[in-house]
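Descriptive analysis of the structure
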Amino acid sequence: MILSTHGIVGSQIQSFVGLLDTYPNAAAAYSVRKLRAAYTGNAIQVRRSSDNTTQDIGFTALGNLDTTTLTSFCSGTNGFVTTWYDQSGNARNATQTTAANQPQIVSSGSVILTNTKPAMTFSGISNYFQFSSNFASFNNTSIFNVIEPSTYVGAAANARFYDLYDGTYHIQYLRDSETGLLHTKNTLWQPSLDATQYTTQAAPTVQFLSSVLALSSSSDLYFNNSIQAKTSSSNVGSNGTIGVIGQRADILAITQFLGNYQEFIVYQSNQSTNLTGINTNINTYYGIY
Amino acid sequence: MAYINGYQYITEQEAINARELCDSYYGIPVAPDDITQNWVDYQFAELNTPQFWYIVFDESLFPVLGTPIDFEVITPPFPI
């Protein structure tokens, strides 16, 4: 008998198989679940508000976030994420050194959930993560993220879900306050060349999986594994590209994401042939669509 | 243009001093090598004339910095 993930092969226990075991070589990978069997590090580092001490939180044997340890550490108080550890093997951790800017994962002793899975809440005021090391130059990027926006009012009307910026050009995924549409940009800060955009608005308080193939010759946007738009464009970045989750890379005060984040994976390669497989893996875990 | 509720400073040193007040009040950093190095951070209103520095209001800042004020920060025109 053979079971695919956690089962028995003959008399041997089969090891954990994560998304990055099946679809390897991510440039950066952050999640509330374990993504790679060989990854032995933690998921997040949490600061509790009662005394501002911190503790690393890892995974259970099944690859879920260790919420038992998390709730024990944050008993009766709030918990904020200082570090979202990179599981790709590139040690590109996403960190936030300012307490007021750290996303929240425990509220009054209870783990924040989206669709039954742990999630971290970005406040829409100042919360964001910056990657601890920059990216090398690239001309193909594939990005997958699982989010649930809470609202699109106020500063969050222009929410940036993420931004990769090389000092001149950037790949950012955002909501346009004028149209309400989600789209990517591969432009200068003030774009004359606009983006590839979804054809429909994404409602707040709905969890969704966004997949963006920002390639050398086109931008392809998928919403819950359904293609929304495809535009001829060039997405290139030079050596030293920085990455930010939850805000524009220049930390502009009116571009904050307000809502919950659960997973963010970047490949510096074209993952079009693996797209459906990656999306299915993510959806199987989170039950999004 | 963005309307900000917070604290406005004419010089960067004033903003640094305000940040240090908050760090001291909340005991940040707990240890020198902690990831968390500040309780709050300030931002630069680069496009305003005159330029200034500011801290966005958070309830935790009230006991340290007092009552916030409303002010405008010039941002790049949309789409951004």
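Look a little higher up for the structure.
Here's what I pulled together on the structure shown here. Because the structure is predicted, anything quoted here is derived from the model rather than measured.

What counts, and at which threshold
- Residues numbered from 1 in each chain as written.
- Chains lettered and ligands numbered in written order.
- Predicted model: local features only at pLDDT ≥ 70, side-chain atom pairs only at ≥ 80, totals over all residues.
- Heavy atoms only, no water.
- Helix = DSSP H or I, 4+ residues; strand = E, 2+ residues; numbered from the N terminus.
- Contact = heavy atoms within 4.5 Å.
- Areas by Shrake-Rupley, 256 points an atom, 1.4 Å probe, with all protein chains shown as cover.
- Buried < 20%, exposed > 50% of the residue type's maximum accessible area, 1.4 Å probe, protein only.
- Phe/Tyr/Trp six-rings, centres within 6.5 Å; stacked < 30°, edge-to-face > 60°.
- Expected span 1.5 Å × (residues − 1).
- Polar contact = N/O pair within 3.5 Å; in protein donor to acceptor, adjacent residues only side chain to side chain.
- Core = buried A, V, L, I, M, F, W, Y, C linked by side-chain atoms within 4.5 Å.
- Patch = residues over 30% accessible without salt bridge, like charges linked within 9 Å, V, L, I, M, F, W, Y side chains within 5 Å.
- Salt bridge = Lys/Arg side-chain N within 4 Å of Asp/Glu carboxyl O.
- Arc of directions from axis to C-beta.
- Pairing = 2+ DSSP bridges.

Counting secondary structure elements, chain A contains 3 helices and 23 strands. Taking the contacts inside chain A whose residues are at least 6 apart along the sequence as the reference set, 65% of them involve residues at least 24 apart. Here chain A has roughly 10,500 Å² of accessible surface; of this, 49% comes from carbon and sulfur atoms.

Looking now at the overall build of chain B. Along its length, chain B carries 2 helices and 4 strands. Sequence-ordered secondary structure for chain B, helices as α and strands as β, is β-α-β-β-α-β. Each principal axis of the C-alpha atoms in chain B carries an extent, and together these give about 40 × 25 × 20 Å. Of all 80 residues assigned to chain B, the portion counted as buried reaches 44%.

Moving on, we come to the packing of aromatic side chains. Taken as a whole and judged by the stated rule, the model has 25 aromatic pairs over all chains. Measuring from centroid to centroid gives 5.8 Å for Y30(A) and W84(A), while their planes differ by 45°, and the two rings are tilted. Of this pair, Y30(A) sits in strand 3 (residues 28-31) while W84(A) sits in strand 6 (residues 79-84); the two residues are 54 residues apart in sequence, bridging distant segments of the chain. Residue W84(A) is classed as buried on the basis of its relative accessible area of 0%. Where Y25(B) meets Y26(B), the ring centres are 4.8 Å apart and the plane angle is 75°; that geometry is what we call edge-to-face.

This next bit is on helix 3 (residues 275-286) of chain A. The terminal C-alpha atoms of helix 3 of chain A lie 17 Å apart, and with 12 residues this matches the ideal 16 Å at 1.5 Å per residue to within 8%. Looking one or two residues past helix 3 of chain A, G287(A) carries a phi angle of roughly 60°, positive in sign.

Glancing now at the environment of S123(A). Residues and elements named next belong to chain A. With respect to the helices and strands, the residue S123 is situated in strand 12 (residues 120-123). Remark: the alpha-carbon pair of S123 and S150, spanning 27 residues in sequence, is separated by 9.4 Å. In contact with S123, not counting residues within four places along its chain, are F257 and L258. At 3.1 Å, the side chain of S123 forms a polar contact with the backbone nitrogen of I125.

Residue and element names in this part refer to chain A. One finds I44 and Y261 to be the most contacted residues of the largest nonpolar core, which totals 46 residues. Beyond its immediate stretch of four places on either side in the chain, Y261 contacts W84, A119, M120, F122, N145, V146, I147, F161, Y162 and I245. Judged by nonpolar contacts, the second largest core, of 21 residues, contains Y23, A29, L209 and I265.

With that settled, consider a nonpolar patch on the surface. Residues and elements named next belong to chain B. Residues M1, Y3, L47 and I74 make up a contiguous nonpolar surface patch of roughly 440 Å² in combined accessible area. Position of Y3 among the secondary structure elements: in strand 1 (residues 2-9). Residue classification places Y3 among the exposed positions, given a relative accessible area of 64%.

Let us now look at the pattern of salt bridges. When charged atoms on two side chains of opposite charge get close, those side chains can pair. Residue and element names in this part refer to chain A. This structure, assessed with the given rule, holds 3 salt bridges over all chains. Between R33 and E263 there is a salt bridge, with the nearest N and O atoms lying 2.9 Å from each other. Within this pair, whereas R33 is found in the loop between strand 3 and strand 4 (44-48), its partner E263 is found in strand 23 (residues 258-267), the two being separated by 230 residues in sequence. For the residue pair R33 and E263, the accessibility class agrees, reading buried in each case.

So, about the side chain of Q207(A). All names here are of chain A. Positionally, Q207 belongs in the loop between strand 18 (196-201) and strand 19 (208-214). Residue Q207 is classed as buried on the basis of its relative accessible area, which comes to 10%. Within the structure, Q207 has its side chain in polar contact with the side chain of N115 (distance 3.1 Å). Side-chain polar atoms of Q207 contact the side chain of Q262, separated by 2.7 Å.

All names here are of chain B. Compared with the 21 Å implied by 1.5 Å per residue over 15 residues, the 21 Å span of helix 1 (residues 12-26) between its first and last C-alpha is a close match. Buried within helix 1 we find A15, I16, A18, R19, C22 and D23. Seen along its axis, helix 1 keeps its buried residues to an arc of 160°; they face one direction. Tucked into the core, helix 1 has its buried residues touching strand 1, strand 3 (52-56) and helix 2 (62-65).

Residues and elements named next belong to chain A. Because side chains alternate across strand 3, one face comprises the buried residues A28 and Y30, and the other comprises A29 and S31, equally buried. Where strand 3 and strand 23 come together, 4 bridges link them in antiparallel fashion. Bridging across to strand 23, Y30 finds its partner in F264.

In short, the description is geometric, and any link to function would need to be established separately.
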